[in-house]
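What follows is each chain in one-letter form.
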Amino acid sequence: MRLKKEINAIITIGSRDFIKFIRDRFRILATFIFPMIFIGILGGSLQSNLGKSVGFNFLTFVFIGSIGQTLFQSTASGIISLVRDREEDFAQEMFVAPVSRFSIVLGKIFGESMVALAQVVGIILFGLIIQVPIDWGHMARLIPFMIIPCLLGGAFGVLVLANLGSQVSVQQIFPFIIFPQFFLSGVFAPIKDLPPVLLVLSRIAPMTYSVDFIRSIYYYGTPEYSKIVLFNPATGLLIISVIFTVFLSLGTFLFVRNERER
Amino acid sequence: MAKVIEVKNLKKRYKKADKNAVDGISFSISEGEFFSFLGPNGAGKTTTISILTTTLAKTSGEVKIGGFDMDREPNKVRGHIGVIFQNPSLDLNLTAEENIRFHAVLYGLYTFRPAFSMMPDSYKKRVYELAEILTIEKDLFRPIKTFSGGMKRKLEIVRSLIHKPKVLFLDEPTSGLDPISRKSLWDYLQQVRKEQNTTIFLTTHYLDEAEGTDHVAIVNNGKIISYGTPEKIKQTLVENYLLIDSPDRNKLKKELQEKKIKFLENGQIKVPLTKFKAQEVIKKIDTELSVMQIHAPTLEEAYVEIIANSMEKDKS
């Protein structure tokens, strides 16, 4: 009975996020603009200039990487925005509702994951329009695994959220925690070989594992696999599971505690 | 009457603060009571309301709401209260019905369904009833962006009552509303109170709204400095006086002096109503009057004086 009530709350909180997203035209437009810049312009120009020397199609490389990055980042940023939200709109309601604080966190992860998946549908449509060379069979087998980077991003978001005081605004902190990961995670550049400092940093950035995991599934069994992928899918999944568990439990614990003990 | 809120020696010190934001306050509220909690900005009102609505942990003290202990059964407490926040808590991109539905589901009244048409009939009936009260039948399925400020507030109140809370917390519910919206909101709240016997805990800056409440607590610097019915609080002021004037003021003053009626001259003639009643003063005066007005203190005047006194005490 209790459990049923909490599950009900998780679905409600998640659905609200998703409905809000599909009603917000500006946000939907924004989800098209970013892949347009990164895949269309950056990926396109790198492919024309460097494509031949790397030994694989650069546009496809960036395109698949962007999917991993979007799933992670969109979920993470959605969760972090709870800091801003709790001062306004319906989020205030969630905190006085008779539901467990854990359900609020899980509901947010669920909802923001659905938003991230919807954004990826947008990216794939865009890839179709600009005719990125895609193996659709490989793309299809990617679908059931797309939730994995979302969950990782969600757990990362909760950990960041838990450590943000209300005085620090999301806009201030965001560039520091997301943008470096953008480049360290190898969305736009191969990171198999890196100078020592960058190598360490890139392996610390959680987004790296999202991007690499998605690529490992997509490229599995292709000749490019060994040139592109860092960890095989099973190893990737194991690493992600460990990070996810640590981030989510620690993050939720801190979040619930900090939320009340100000 | 049964106590629905009991607060004993409640204290809150924020992290890194060197003094208590709430400094040992105690009060209790009976079921069905209309209670107002007043005080200047920074007095500890919002801190208190945040603790009572379970979003902020207290430092020490005891709080019981609806018989449930705040520490041991926070979810039971949450299930028995409704909260109207200072900032609007509606989702503007959602329709009025969705705002109500999400609330009802979070409070465990119904199982979530992604569309109104899939919800049970009892829910639909309830929503149509509420829409009728709000006269938003036509706009029920439209995003509430287009609603007026007063309309949104009313919708929030309707929404917060759907789980039949024992206590409704209203944190400055009418700030930013025009006088007509304010009036209509209060009429509605009074009606709800009568019908459902809901206890109301109000914080407000409009003292006239607190005038009609059962009890008033005035806080400053985290302490309750005055408590009682509005009448009792007003009695702490001796500001009952008769204001009179005459075309021939000197003649009036002379007459008052002869008849040993004390007065103050301050623009007009002020006769404090301590020794005599207004009626008695008027009977004694033969001089022609041009102004005649009985002045009784308002809660606002009492409030201003009480706060000013408390500030002076703090200084010394």
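Reading the values: the criteria
- Residues numbered from 1 in each chain as written.
- Chains lettered and ligands numbered in written order.
- Predicted model: local features only at pLDDT ≥ 70, side-chain atom pairs only at ≥ 80, totals over all residues.
- Heavy atoms only, no water.
- UniProt positions renumbered as here; feature names shortened; annotations may be inferred.
- Domains from an automatic or database assignment.
- Phe/Tyr/Trp six-rings, centres within 6.5 Å; stacked < 30°, edge-to-face > 60°.
- Buried < 20%, exposed > 50% of the residue type's maximum accessible area, 1.4 Å probe, protein only.
- Helix = DSSP H or I, 4+ residues; strand = E, 2+ residues; numbered from the N terminus.
- Pairing = 2+ DSSP bridges.
- Axes fitted to C-alpha atoms, helices over the stretch in contact; angles between N-to-C directions.
- Core = buried A, V, L, I, M, F, W, Y, C linked by side-chain atoms within 4.5 Å.
- Contact = heavy atoms within 4.5 Å.
- Buried area = accessible area lost by both parts, 1.4 Å probe.
- Salt bridge = Lys/Arg side-chain N within 4 Å of Asp/Glu carboxyl O.
- Polar contact = N/O pair within 3.5 Å; in protein donor to acceptor, adjacent residues only side chain to side chain.
- Nonpolar A, V, L, I, M, F, W, Y, C, P; charged D, E, K, R; others polar.

Per an unreviewed UniProt entry, chain B carries the name ABC transporter ATP-binding protein.

Looking at an unreviewed UniProt entry, chain A carries the name Transport permease protein. Taken directly from UniProt, the Sequence similarities (unreviewed entry) text for chain A runs: "Belongs to the ABC-2 integral membrane protein family."

Caption draft 1: Representation of the domain arrangement of chain B within the structure. Domain assignment breaks chain B into domain 1 (3-227) and domain 2 (239-296). Computed over C-alpha atoms, the centres of domain 1 of chain B and domain 2 of chain B are 47 Å apart.

Caption draft 2: Main features of the packing of aromatic side chains. If you walk through the whole model with that rule in mind, you get 28 aromatic pairs over all chains. With a centroid separation of 5.2 Å and 40° between ring planes, the pair formed by Phe56 of chain A and Phe61 of chain A is classed as tilted. Judged on exposure class, the residue Phe56 of chain A and its partner Phe61 of chain A are both buried. Plain terms: the ring middles of Phe102 of chain B and Phe112 of chain B are 5.7 Å apart, the flat faces sit at 10° to each other, and that makes the pair stacked. Of this pair, Phe102 of chain B sits in helix 3 (residues 96-106) while Phe112 of chain B is found in the loop between helix 3 and helix 4 (121-134), placing the two residues 10 residues apart along the sequence.

Caption draft 3: Representation of the sheet that holds strand 12 (residues 264-266) of chain B in the model. All names here are of chain B. Here we have four strands laid out as an open sheet, ordered 12-13-11-14, and antiparallel in their pairing. Two strands bound the open sheet, and with one partner strand each, they are strand 12 and strand 14 (291-295). Sheet twist, expressed as the mean angle between neighbouring strand axes with direction ignored, is 25°. Sheet topology places strand 11 (residues 241-245) next to strand 13 (residues 268-272); four bridges connect them, and they run antiparallel. Each bridged residue has a counterpart across the sheet, and for Leu243 the counterpart in strand 13 is Lys270.

Caption draft 4: Focus on the nonpolar core. Core analysis: the largest hydrophobic core is formed by 142 residues, its most contacted members being Phe63 and Ile67 of chain A together with Ile5, Phe27, Ile65, Phe169 and Phe201 of chain B. No other element matches the 12 residues that helix 3 (residues 58-80) of chain A contributes to this core.

Caption draft 5: Region of the structure containing the interface of chain B and chain A. Opposite the 34 residues of chain B that make contact, chain A presents 32 residues. Approximately 3000 Å² of surface area, both sides summed, lies buried where chain B meets chain A, with 55% of it carried by carbon and sulfur atoms. In terms of surface lost to chain A, no three residues of chain B exceed Asp91, Asn93 and Leu106 of chain B, which account for 21% of the buried area on that side. At the surface where chain B touches chain A, the tally comes to four salt bridges. Residue Asp91 of chain B pairs with Lys20 of chain A through a salt bridge whose shortest N-O separation is 3.1 Å. In this assembly, chain B and chain A are joined by 11 residue pairs in polar contact (both at pLDDT 80 or more). Looking at the side of chain B that touches chain A, the elements that each hand over two or more residues are helix 2 (74-79) and helix 3 of chain B. A class-by-class count of the residues in the side of chain B that touches chain A yields 14 nonpolar, 13 polar and seven charged.

Caption draft 6: Up close: unusual backbone geometry. All names here are of chain B. Of note in the backbone geometry, Lys16 takes a positive phi value of approximately 65° without being a glycine. At Asn197, a residue that is not glycine, the phi angle is positive and equals roughly 55°. Assignment of secondary structure puts Asn197 in the loop between helix 6 (179-196) and strand 8 (199-203). On the basis of relative accessible area, Asn197 is assigned to the partly exposed category, the value being 44%.

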